[in-house]
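Chains, contacts and geometry: an overview
Single-letter residue listing:
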Amino acid sequence: MKGRDRIRLKHVERQAEGYLELGMNPQALEVLNRLGEGAGSAHALYLRGEALRGLQRYQEALVPLHKAAEKSPEDIHVLLALGWCHKRTARLDLAIADIERALGINPGEALLHYNLACYLCLAGDKRRSLAHLARALALDARYREMIETEPDFDSLRDDPDFQAVTSIIV
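So, here's what we can say about the structure. On a predicted model such as this, the values are computed, not experimentally measured, just so you know.

Within this structure, the stated rule accounts for eleven salt bridges. Note that arginine 53 is salt-bridged to glutamate 50, the shortest N-O span being 2.8 Å. You can see arginine 53 and its partner glutamate 50 sitting in helix α3 (residues 42–54), three residues apart, about one turn around the helix. Accessibility classification places arginine 53 together with glutamate 50 in one group, the buried group.

As structure tokens, this is what we get:
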């Protein structure tokens, strides 16, 4: 990639990031479209996936996110976004695999443990769900605030083991 093209790519990425930070997903997508469909760096592909995810176009978002994962297989943000979209396209098995792959890269990331706990709960794997939820809370107690309103845990709300894990004061 030529120097001028690299500068243009970075400029487009920064613009898209700004729009995404402001919740302006259509504008971010419009800017990224200047690069062409499927073109750009792993980061540009990730940003395209994030813009589509923000527009609740989850199936479409999977295309650039998979390409981003191919270009940057160690990027846990890409894997997290893939998991999010796979969950919302009724592919819980793939969502779980995405997050497990991310945990293989960064096992100390509380958000990954929390999301995996959610997905495993939805999949009916109570034992593993509670183990990852306990790990998320041990890494970052702030996730405790999210549990009460998290619909993914609805099936376990009255479960004594769930109540024991969520009531531990850190």
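Alright, that's what it looks like, and here's the rest.
Across the interface, helix α1 (residues 3–21) lies against helix α2 (residues 25–32) with an axial gap of 8 Å and an inter-helix angle of 170°. Considering their axes alone, α1 and α2 lie roughly antiparallel with respect to each other. Contacts from Val12, Gln15, Ala16, Tyr19 and Leu20 in α1 reach Asn25, Gln27, Ala28, Val31 and Leu32 in α2. Broken down by class, the residue content of the contact of α1 with α2 amounts to seven nonpolar, three polar and no charged.

We now examine the nonpolar core. By size, the foremost hydrophobic cluster in this structure holds 51 residues, and its most contacted members are Tyr114, Leu133 and Phe153. Among the elements that line this core, the one with the most residues is helix α7 (residues 110–122), at nine residues. When residues no more than four places from it in sequence are discounted, the contact partners of leucine 133 are Tyr114, Ala117, Ile147, Phe153, Phe162, Val165 and Thr166.

By the definition in use, this model includes three aromatic pairs. Their ring planes at 40° and their centres at 5.6 Å tell us that phenylalanine 153 and phenylalanine 162 sit as a pair that is tilted. The same class applies to phenylalanine 153 as to phenylalanine 162, namely buried. Connected via pairs of aromatic rings, a cluster forms that spans Tyr114, Tyr143, Phe153 and Phe162. For arginine 53, the ring lying beneath its charged end belongs to tryptophan 84, and the centroid distance is 4.8 Å. In this arrangement the basic side chain of arginine 88 is found over the ring face of tryptophan 84, its NZ or CZ atom lying 3.4 Å from the centre.

Reading guide: rules and limits
Residues numbered from 1 in each chain as written. Predicted model: local features only at pLDDT ≥ 70, side-chain atom pairs only at ≥ 80, totals over all residues. Heavy atoms only, no water. Salt bridge = Lys/Arg side-chain N within 4 Å of Asp/Glu carboxyl O. Helix = DSSP H or I, 4+ residues; strand = E, 2+ residues; numbered from the N terminus. Buried < 20%, exposed > 50% of the residue type's maximum accessible area, 1.4 Å probe, protein only. Axes fitted to C-alpha atoms, helices over the stretch in contact; angles between N-to-C directions. Parallel < 35°, antiparallel > 145°, perpendicular 65-115°, else oblique. Contact = heavy atoms within 4.5 Å. Nonpolar A, V, L, I, M, F, W, Y, C, P; charged D, E, K, R; others polar. Core = buried A, V, L, I, M, F, W, Y, C linked by side-chain atoms within 4.5 Å. Phe/Tyr/Trp six-rings, centres within 6.5 Å; stacked < 30°, edge-to-face > 60°. Lys NZ or Arg CZ within 6 Å of the ring centre and 35° of its normal.

Structural measurements only, silent on function.
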